[in-house]
Amino acid sequence: MGLGGAWDRTPYTASDIDHAEAAVEAALDAGITRFDHADIYRFGKSEAVFGEVLARASGLRERIEIQTKCGIRLAEDDRPGLYDLRADTILARVRESLARLRTDVIDTLLLHRPDPLADPDEIAKALHTLHDEGLVRRFGVSNMSAAQITRLQACLDIPLTVDQLEMSLARRDWVEAGVLVNTPAAAGLGFPEGTLEHCAAQGIELQAWGPLARGRYTNGEPSPAADLARKLARRHDTTPETVLLWWLQRHPAGIVPVVGTSRPERIRACRDAAVRTTELSHEEWYELWIAARGAPLP
Ligand SMILES: NC(=O)c1ccc[n+]([C@@H]2O[C@H](COP(=O)([O-])OP(=O)(O)OC[C@H]3O[C@@H](n4cnc5c(N)ncnc54)[C@H](OP(=O)(O)O)[C@@H]3O)[C@@H](O)[C@H]2O)c1
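Remember, predicted model here, so these are calculated numbers, not experimental data.

The rules behind each value
- Residues numbered from 1 in each chain as written.
- Predicted model: local features only at pLDDT ≥ 70, side-chain atom pairs only at ≥ 80, totals over all residues.
- Heavy atoms only, no water.
- Helix = DSSP H or I, 4+ residues; strand = E, 2+ residues; numbered from the N terminus.
- Expected span 1.5 Å × (residues − 1).
- Buried < 20%, exposed > 50% of the residue type's maximum accessible area, 1.4 Å probe, protein only.
- Arc of directions from axis to C-beta.
- Contact = heavy atoms within 4.5 Å.
- Patch = residues over 30% accessible without salt bridge, like charges linked within 9 Å, V, L, I, M, F, W, Y side chains within 5 Å.
- Areas by Shrake-Rupley, 256 points an atom, 1.4 Å probe, with all protein chains shown as cover.
- Salt bridge = Lys/Arg side-chain N within 4 Å of Asp/Glu carboxyl O.
- Lys, Arg positive; Asp, Glu negative; His and termini not counted.
- Charge placed at Lys NZ, Arg CZ, Asp CG, Glu CD.
- Pairing = 2+ DSSP bridges.
- Right-handed = clockwise from strand over helix to strand, strands pointing away.
- Core = buried A, V, L, I, M, F, W, Y, C linked by side-chain atoms within 4.5 Å.
- Domains from an automatic or database assignment.
- Axes fitted to C-alpha atoms, helices over the stretch in contact; angles between N-to-C directions.
- Parallel < 35°, antiparallel > 145°, perpendicular 65-115°, else oblique.
- Left-handed = near helix turned anticlockwise from the far one by under 90°.
- Nonpolar A, V, L, I, M, F, W, Y, C, P; charged D, E, K, R; others polar.
- UniProt positions renumbered as here; feature names shortened; annotations may be inferred.

A few words now on helix H9 (residues 224-235). Here H9 spans 16 Å end to end across 12 residues, near enough to the 16 Å set by a 1.5 Å rise per residue. The set of residues buried in H9 consists of Ala-225, Ala-226, Leu-228, Ala-229, Leu-232 and Ala-233. Around the axis of H9, the buried residues are gathered within 165° of arc, so they sit on the same side. Away from the buried face of H9 by more than 90 degrees, exposed residues Pro-224 and Arg-234 are located. On its buried side, H9 packs onto helix H10 (240-249) and helix H13 (282-293).

In this section: a negative patch on the surface. A grouping of Asp-88, Asp-119, Asp-121 and Glu-122 is seen on the molecular surface, where their side chains present a negatively charged patch. Looking at where Asp-119 falls in the secondary structure, it is placed in the loop between strand E5 (106-111) and helix H5 (120-132). Note on Asp-119: relative accessible area 36%, which makes it partly exposed.

Looking now at the pairing of E5. Here E5 lies mainly inside the structure; six of its six residues are buried. Both strand E2 (residues 65-70) and E5 contribute to a ladder of four bridges, which runs parallel. Residue Cys-70 lies in a different strand from E5, and its bridge partner there is Leu-111. Pairing between E5 and strand E6 (residues 136-142): five bridges, direction parallel. Considered in E6, the bridge of Thr-108 is made with Arg-138. Chirality of the crossover, the property in question, places the unit of E5, H5 and E6 among those that are right-handed.

With that out of the way, let us pick up unusual backbone geometry. Of note in the backbone geometry, Arg-102 takes a positive phi value of approximately 55° without being a glycine. Inspection of the secondary structure assignment puts Arg-102 in the loop between helix H4 (87-101) and E5. You will see that Ala-213, though not glycine, has its phi angle at about 50°, which is positive. With respect to the secondary-structure elements, Ala-213 resides in the loop between strand E8 (205-209) and H9. With a relative accessible area of 13%, Ala-213 lands in the buried category.

The next point concerns the nonpolar core. Nonpolar side chains tend to gather and get buried jointly when the protein is soluble and globular. Counting 62 residues, the largest nonpolar core has Ile-90, Leu-111, Leu-130, Met-167 and Trp-247 as its most contacted members. Of the residues that make up this core, three or more belong to each of domain 1 (1-166) and domain 2 (167-203 + 212-298).

The element E6 is largely enclosed, with a buried count of five among its seven residues. Summarising the sheet, E6 and strand E7 (residues 160-166) pair through three bridges and their orientation is parallel. What sits directly across from Val-141, in E7, is Asp-163. For the handedness criterion, the β-α-β arrangement of E6, helix H6 (residues 146-153) and E7 is classed as right-handed.

Next up on the list: the packing of H9 against H13. Between H9 and H13, the shortest axis-to-axis distance is 8 Å and the interhelical angle comes to 155°. Taken as axis vectors, H9 and H13 run roughly antiparallel relative to one another. H13 is crossed by H9, and the crossing has left-handed handedness. Across from Pro-224, Ala-225, Leu-228, Ala-229, Leu-232 and Arg-235 in H9, the residues of H13 making contact are Glu-284, Glu-287, Leu-288, Ala-291 and Ala-292. In terms of residue class, the contact of H9 with H13 is made up of eight nonpolar, no polar and three charged.

Moving on: the UniProt feature "domain: NADP-dependent oxidoreductase" (unreviewed entry) in the protein. Residues annotated in UniProt with the feature "domain: NADP-dependent oxidoreductase" (unreviewed entry) correspond here to residues 2-286. Helix makes up 42% of residues 2-286 and strand 14%, whereas the separation of the span's terminal C-alpha atoms amounts to 31 Å.

So, about the pattern of salt bridges. Counted by the stated rule, this structure contains 26 salt bridges. The salt bridge involving Glu-65 is made with Arg-138; its shortest N-O contact spans 3.3 Å. Taken together, the positions of Glu-65 in strand E2 and Arg-138 in strand E6 put the pair 73 residues apart, joining distant regions of the chain. On the basis of relative accessibility, which here comes to 32%, the residue Glu-65 falls in the partly exposed class. Here Arg-138 falls in the partly exposed class, since its relative accessible area comes to 30%. Between Asp-84 and Arg-86 there is a salt bridge, and its shortest N-O distance comes to 2.8 Å. Taken together, the shared-partner salt bridges in this structure form one network comprising Arg-34, Glu-65, Arg-138 and Glu-205.

Listed below in structure tokens is the structure:
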């Protein structure tokens with residue numbers, strides 16, 4: 001999401017392509033081979049500069065997996081932003097993404113957000129068409145609940161394989177909701193109940209967006225959680241960024257962090273999360289959680 005220059009329709013520049021290339025190279029060095037996109041990121045320019053990088057590096061496409069999303073229309077001029085999962089829109093947006101990414105096939109397509117007006121049968125028809133035409137290998141969703149996944153899956157012959165949601169040490173309701181289940185503190189938690197369990201049971205990969213909490217614990221500002229992340233990083237001979245990702249990966253639901261930084265040095269700081277299994281102990285995981293929530297568990 002950080003590639004492609006400004007969030008507007010001004011053309012991307014050669015330096016935007018260089019920036020994308022440096023990020024991709026840092027990711028590959030760090031053992032990261034899956035790249036998350038969306039048609040709307042930087043008004044299509046994230047996909048476009050990535051396509052330029054693919055065109056520059058022969059053989060790169062075969063070494064990586066590309067995931068992208070459709071279903072959101074950004075606000076522009078006097079038009080409000082909205083969600084659109086009509087079949088014709090899905091088909092058109094995916095063809096545009098393929099052209100920008102300069103590839104013949106998208107490995108995984110996610111429906112970016114639920115569109116309350118969308119008919120699940122109509123969505124399913126579009127996804128079957130994309131699959132039958134060989135344009136998309138796998139499908140998933142984003143920001144959706146277990147109930148929404150179940151409803152859509154009932155119309156689909158192809159399994160939904162991903163749900164991408166915001167999960168991090170800062171956005172903790174994915175874990176708080178399950179623990180505070182019969183306490184008043186559970187009221188107001190945003191995470192859809194049962195979604196973690198549903199995905200784990202159905203083999204649906206849970207992807208965490210915002211996993212580094214946009215730098216909240218690694219930007220140098222002291223806080224109990226940031227201090228502890230640094231201390232744990234020293235103990236395990238790794239970086240605080242890795243500790244934050246290990247915290248997500250330590251959960252048995254098999255959470256896959258979608259790292260958003262486009263800075264090579266920060267991408268490299270995530271390397272151990274890609275190449276080493278999480279080393280956080282039971283106690284360390286709880287200590288970090290409690291430090292971030294700022295209050296003991298009930
Ligand atoms: N499905 C969805 O609805 C949805 C929503 C949002 C994002 N996403 C996806 O998830 C990815 C990750 O989300 P995210 O970007 O919000 O997550 P993140 O990895 O927690 O945050 C990275 C963002 O924070 C900035 N940042 C500032 N200081 C930082 C620091 N010290 N360490 C690390 N990052 C710092 C980064 O800028 P620099 O690049 O300058 O480091 C970057 O913009 C996105 O790229 C996108 O692919 C999906």
